[in-house]
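# Coordinate inspection notes
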Amino acid sequence: MKTKKQKVEDLVFKTYLEEVMQNKKFLKMNRYIQHGNTSCLLHSIAVAYFSYRVSKMLKLNVHEEELIRGALLHDFYLYDWHAKYKPTRDLGFHGRIHPKIALFNARKNFKINHIEEDIIVKHMFPLTFYPPKYKESVIVSIVDKICSIYETFSKTAYQNILTRVVSTKKERRVIARRINLYN
Ligand SMILES: [Fe+2]
Ligand SMILES: [Fe+2]
């Protein structure tokens, strides 16, 4: 059972999520698998949601909007990283290169600020040379690693995450339709 405070927090999360989900390119992340059976879209929503929840549980005073948006966009690279002939094959190792591609796509499709940029480009630390600069980036980098391990070993990761965030069946149907429309 959610407390009144959790309901308000989930509403805040939903508001930022729905704003980002208006972008068709963002929804295309549903085409690509991140780990196991989990799409990049679901992975990104989960990383954003749990980063936000961790910040609330630990009572960390974070920039909520930046934390959620940066996490939603941290893997916005839009290609199948498992493919042998991926578009970035000449640019280097996916683990190091994809944060830069995600940042490029994020800048192209959204107006993002310095905290969101740092979250995206440093989320693979220590693979990236420079460490995260803000606490929001540190949270996302840690939650991303935990989510990635979970997805690798779970065949049914985050089955209920949209139920948690999006409260009514009608809203879930609208989101599911929008995702299917652009895939
Ligand atoms: Fe990533
Ligand atoms: Fe990720």
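Refer to the structure above for everything that follows.
Notes on the structure follow.

Criteria and thresholds
- Residues numbered from 1 in each chain as written.
- Chains lettered and ligands numbered in written order.
- Predicted model: local features only at pLDDT ≥ 70, side-chain atom pairs only at ≥ 80, totals over all residues.
- Helix = DSSP H or I, 4+ residues; strand = E, 2+ residues; numbered from the N terminus.
- Rg over C-alpha atoms; globule rule 2.2 N^0.38 Å.
- Buried ≥ 20, exposed ≤ 12 C-beta atoms within 10 Å, placed from the backbone.
- Contact = placed C-beta atoms within 7 Å.
- Core = buried A, V, L, I, M, F, W, Y, C linked by C-beta atoms within 7 Å.
- Axes fitted to C-alpha atoms, helices over the stretch in contact; angles between N-to-C directions.
- Parallel < 35°, antiparallel > 145°, perpendicular 65-115°, else oblique.
- Left-handed = near helix turned anticlockwise from the far one by under 90°.
- Nonpolar A, V, L, I, M, F, W, Y, C, P; charged D, E, K, R; others polar.

### A look at the overall build of the chain
Tallying secondary structure elements over the chain gives nine helices and two strands in all. For the chain, the succession of helices and strands along the chain, N to C, is α-α-β-β-α-α-α-α-α-α-α. Over its C-alpha atoms the chain spans a radius of gyration of 16 Å, differing by no more than 12% from the 16 Å that the globule rule assigns to 183 residues. Projected onto its principal axes, the C-alpha coordinates of the chain cover approximately 50 × 35 × 35 Å. Of all 183 residues assigned to the chain, the portion counted as buried reaches 33%. When contacts within the chain are restricted to residue pairs at least 6 apart in sequence, those whose partners lie at least 24 apart make up 64%.

### A word on the nonpolar core
Ranked by internal contacts, the top residues of the largest apolar core, which has 35 residues, are Ile-45, Val-47, Ala-48, Tyr-49, Ala-71 and Leu-72. The set of elements that each furnish at least two residues to this core consists of helix H1 (4-20), helix H3 (40-57), helix H4 (64-73), helix H5 (94-109), helix H6 (114-122) and helix H7 (135-153). Per-element tally for this core: the top contributor is H3, with ten residues. Every residue in contact with Leu-72, bar those within four places of it in the chain, is listed here: Leu-17, Val-20, Ser-44, Ile-45 and Ala-48.

### Observations concerning the packing of H3 against H7
Running from N to C, H3 and H7 point in directions that differ by 125°, and their axes come no closer than 9 Å. As far as their axial angle goes, H7 and H3 are oblique. The two elements H3 and H7 meet at a crossing, and its hand is right-handed. Together, His-43, Ala-46, Val-47, Phe-50, Ser-51, Val-54 and Ser-55 of H3 and Ile-139, Val-140, Val-143, Asp-144, Cys-147 and Glu-151 of H7 make up the contact between the two elements. Considering only residue class, the contact of H3 with H7 consists of eight nonpolar, three polar and two charged.

### Comments concerning unusual backbone geometry
The step from Phe-125 to Pro-126 runs through a cis peptide bond, and the omega angle for that step is 15°. Inspection of the secondary structure puts Pro-126 in the loop between H6 and H7. The phi torsion at Lys-59 lies on the positive side, around 55°, for a residue other than glycine. You can see Lys-59 is positioned in the loop between H3 and H4. Located in the positive-phi region is Leu-78, a residue other than glycine, with phi close to 60°. Mapped onto the secondary structure, Leu-78 falls in the loop between H4 and H5. Given 17 C-beta atoms within 10 Å, Leu-78 falls into the partly exposed group.

### Side note on the packing of H4 against H6
Their axes nearest at 8 Å, the elements H4 and H6 cross at an angle of 40°. The element H4 and its partner H6 pack so that their crossing is right-handed. For the pair H4 and H6, contact is made by Glu-66, Arg-69, Gly-70, Ala-71 and Leu-73 and by Ile-115, Glu-116, Ile-119 and Ile-120, respectively. Of the residues contributing to the contact of H4 with H6, the split by class is five nonpolar, one polar and three charged.

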